[in-house]
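Read off the chains here:
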Amino acid sequence: MMHPRPSPIAASLYTLRDLNADVIIMHGPHGCCFRTGRLLESDGVRVVTTAMSENDFILGASEKLEETLKEAYEMFNPKLIGIVGTCASMIIGEDLKEPIENLGLDATVIPVESHGGFGEGDNTEGAIIVLEAAVECGVIPQEEADRQTKMLKLATEVEKTRGMAQGKYIKPNFGDNKEKVAKIIVNAIKEDKKVAFVLNSKKETSYLFADILNADFSKINSDNSIVYIANLDENIGLPRIRQHAVNITNELKDSGINIDYITGGLDEYPITPRNAEKVLKEEDPDLIIVAGVPHALKIEEFDCESIAITDGPRLVQPLRELGYTHVVAELDAHSKTLGVDSIVDSDFGMMIRSAIEWELEE
């Protein structure tokens, strides 16, 4: 593995967020997963730490965990709390359940024995550990945990076979010029070519990638019937994820954009491309635009011009190798979409809308 990959700890934190945890306690040094913890504060989750010190590595820190759990409960009055282990606490064998049993709080507390390495495996393993613990605590049914686990393992497979986790070093690349690619879309619609937009995005990042679809192309060709395909099923996933799909669908409708084909849910992005591929083969478009997780779609099966929009500079090269004609990179998708409940402006979406206005001025 040549590239640093997301930590299982971070995946645990995000999964607790998706379970609507009110508070997450990091049982480890104060710097552990600092950035992720601070980002999640924007999503309404209170993230605190036991701030383990050097002495705690030797003597243990169960009392410190119990004190932090009690203080967090009294301060925030949470209904759902997650306790996440780290490399430090897991290596020394800290018992995350004992403080929960000692305090007997009027809240559901999920102990998550996850850490960043030493055999922990892929980052998705951190999410799976949370799901298993959530079942034990009665937060979600076993069936939902099994479905989520299947999706997570398939997502890992996509990254290892088609993404940036293939094992070789990939130099960061910020993709093609956004203005030139935006004009390709506008010109195709103006020239009455058949254009298909595919939203195949991941959870909250959909608020950014949905903006790629959010343009009024009727200004340049009111007769062109654009095909819209999206993984915006409102009935699949954890409550927080389903609400994202509702919010995005309603906002697109308000902009006059109706999704023609729903391929699945926002947490099913590893498999929803199979449904998108069937639709694309039936529609036979001249131009395909895929936003979100484009490497999950088998673009090599289509003989037409194509555009991929990704949030990973290290994914630009793999996407080109898969067969995409053009690749656009959006930056900071995760940080831009934390704590939001409506579509946010993307650089490429704004460029498409600008290209439409430029066309009207000519």
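Residues numbered from 1 in each chain as written. Predicted model: local features only at pLDDT ≥ 70, side-chain atom pairs only at ≥ 80, totals over all residues. Heavy atoms only, no water.

Thoughts on the overall build of the protein
Working step 1: Looking only at helices and strands, the protein features 15 helices and 10 strands.
Working step 2: In terms of C-alpha radius of gyration, the protein reaches 22 Å, essentially the compact-globule figure of 21 Å for 362 residues.
Working step 3: By principal-axis analysis of the C-alpha atoms, the protein measures approximately 70 × 40 × 35 Å.
Working step 4: For the protein, buried positions account for 54% of its 362 residues.
Working step 5: The long-range share in the protein, meaning contacts at least 24 apart out of those at least 6 apart in sequence, stands at 71%.
Working step 6: Approximately 15900 Å² of the protein is accessible, and the part contributed by carbon and sulfur atoms is 46%.
Working step 7: Here the protein contributes 36 positively and 62 negatively charged side chains, and the mean placements of these two sets differ by 4 Å. (Helix = DSSP H or I, 4+ residues; strand = E, 2+ residues; numbered from the N terminus. Rg over C-alpha atoms; globule rule 2.2 N^0.38 Å. Buried < 20%, exposed > 50% of the residue type's maximum accessible area, 1.4 Å probe, protein only. Contact = heavy atoms within 4.5 Å. Areas by Shrake-Rupley, 256 points an atom, 1.4 Å probe, with all protein chains shown as cover. Lys, Arg positive; Asp, Glu negative; His and termini not counted. Charge placed at Lys NZ, Arg CZ, Asp CG, Glu CD.)

Points about the packing of helix H1 (residues 8-18) against helix H2 (residues 34-41)
Working step 1: As a packed pair, H1 and H2 sit with axes 10 Å apart at the nearest point and diverge in direction by 15°. By the angle between their axes, H1 is roughly parallel relative to H2. As for how H1 packs across H2, the hand of that crossing is right-handed. Of the residues in H2, those in contact with Ala10, Leu13, Tyr14 and Arg17 of H1 are Thr36, Gly37, Leu39 and Leu40.
Working step 2: Class assignment of the residues belonging to the contact of H1 with H2 gives a composition of five nonpolar, two polar and one charged. (Axes fitted to C-alpha atoms, helices over the stretch in contact; angles between N-to-C directions. Parallel < 35°, antiparallel > 145°, perpendicular 65-115°, else oblique. Left-handed = near helix turned anticlockwise from the far one by under 90°. Nonpolar A, V, L, I, M, F, W, Y, C, P; charged D, E, K, R; others polar.)

Digging into unusual backbone geometry
Working step 1: In this structure, Lys203 takes a positive phi of about 45° despite not being glycine.
Working step 2: In this structure, Lys203 sits in the loop between strand E5 (195-200) and helix H10 (206-209).
Working step 3: Its relative accessible area of 17% is what places Lys203 among the buried residues.
Working step 4: One non-glycine residue, Asp332, lies in the positive phi region at around 60°.
Working step 5: Its location among the elements puts Asp332 in the loop between strand E10 (326-329) and helix H14 (333-337).

So, helix H7 (residues 124-136)
Every α-helical turn comprises 3.6 residues, leaving residues that sit three or four positions apart pointing alike.
Working step 1: Its 13 residues place the ends of H7 19 Å apart at the C-alpha level, agreeing with the 18 Å of an ideal helix rising 1.5 Å per residue.
Working step 2: Taken residue by residue, H7 has Thr124, Gly126, Ala127, Ile128, Ile129, Val130, Leu131, Ala133 and Ala134 as its buried positions.
Working step 3: Buried positions along H7 lie against H1, strand E4 (108-112) and helix H8 (142-162).
Working step 4: Looking at the residues trailing H7, positive phi occurs at Gly138, about 75°. (Expected span 1.5 Å × (residues − 1).)

Overview of the packing of aromatic side chains
Working step 1: The full count for this structure, using the stated rule, is two aromatic pairs.
Working step 2: Arranged with centres 5.7 Å apart and planes meeting at 15°, the rings of Phe197 and Tyr228 form a pair that is stacked. Taken together, the positions of Phe197 in strand E5 and Tyr228 in strand E6 (residues 227-230) put the pair 31 residues apart, joining distant regions of the chain. No difference in accessibility class separates Phe197 from Tyr228, as the two residues are buried. (Phe/Tyr/Trp six-rings, centres within 6.5 Å; stacked < 30°, edge-to-face > 60°.)

Digging into the nonpolar core
Working step 1: Counting 72 residues, the largest nonpolar core has Ile185, Phe197 and Phe217 as its most contacted members.
Working step 2: Residue contributions to this core peak at seven residues, all from H7.
Working step 3: Residues within four places of Ile185 in sequence aside, it is in contact with Phe197, Phe217, Leu287, Ile289, Ile307, Phe348 and Ile352.
Working step 4: Core analysis: the second largest hydrophobic core is formed by 20 residues, Ala276, Ile299, Val327 and Ala329 among them. (Core = buried A, V, L, I, M, F, W, Y, C linked by side-chain atoms within 4.5 Å.)

Digging into the pattern of salt bridges
Working step 1: On inspection of all chains with the given rule, the structure shows 20 salt bridges.
Working step 2: Here Glu357 ties to Lys219 by a salt bridge, and the two come within 3.0 Å at their closest N and O atoms. Placement of the pair is Glu357 in helix H15 (residues 347-361) and Lys219 in the loop between H10 and E6, with a sequence separation of 138 residues.
Working step 3: Classification of Glu357 by relative accessible area gives partly exposed; the value is 32%.
Working step 4: Through salt bridges with shared partners, one network takes in Arg17, Asp18, Asp43, Lys203, Glu204 and Arg240. (Salt bridge = Lys/Arg side-chain N within 4 Å of Asp/Glu carboxyl O.)

Considering a nonpolar patch on the surface
Working step 1: Taken together, Phe57, Ile91 and Ile92 make up a surface patch of nonpolar side chains, about 250 Å² in accessible area.
Working step 2: Take Ile91: it is sitting in helix H5 (residues 87-91). (Patch = residues over 30% accessible without salt bridge, like charges linked within 9 Å, V, L, I, M, F, W, Y side chains within 5 Å.)

Examining the sheet that holds E4
Working step 1: The four strands are arranged E2-E1-E3-E4 in an open sheet whose pairing can be described as parallel. A single partner strand is all that each edge strand has here, and the edge strands are strand E2 (46-49) and E4. Pairwise comparison of adjacent strand axes, ignoring direction, gives a mean angle of 20° for this sheet.
Working step 2: Note: strand E3 (residues 80-85) against E4, five bridges, orientation parallel. Within the sheet, the bridge partner assigned to Leu80 lies in E4 and is Thr108.
Working step 3: Strand contacts of helix H4 (residues 62-76): strand E1 (23-27), E2, E3 and E4, with the helix running at about 160° to E1, the strand carrying the most contacts. (Pairing = 2+ DSSP bridges.)

So far we have only geometry, and geometry alone does not tell us how the molecule works.
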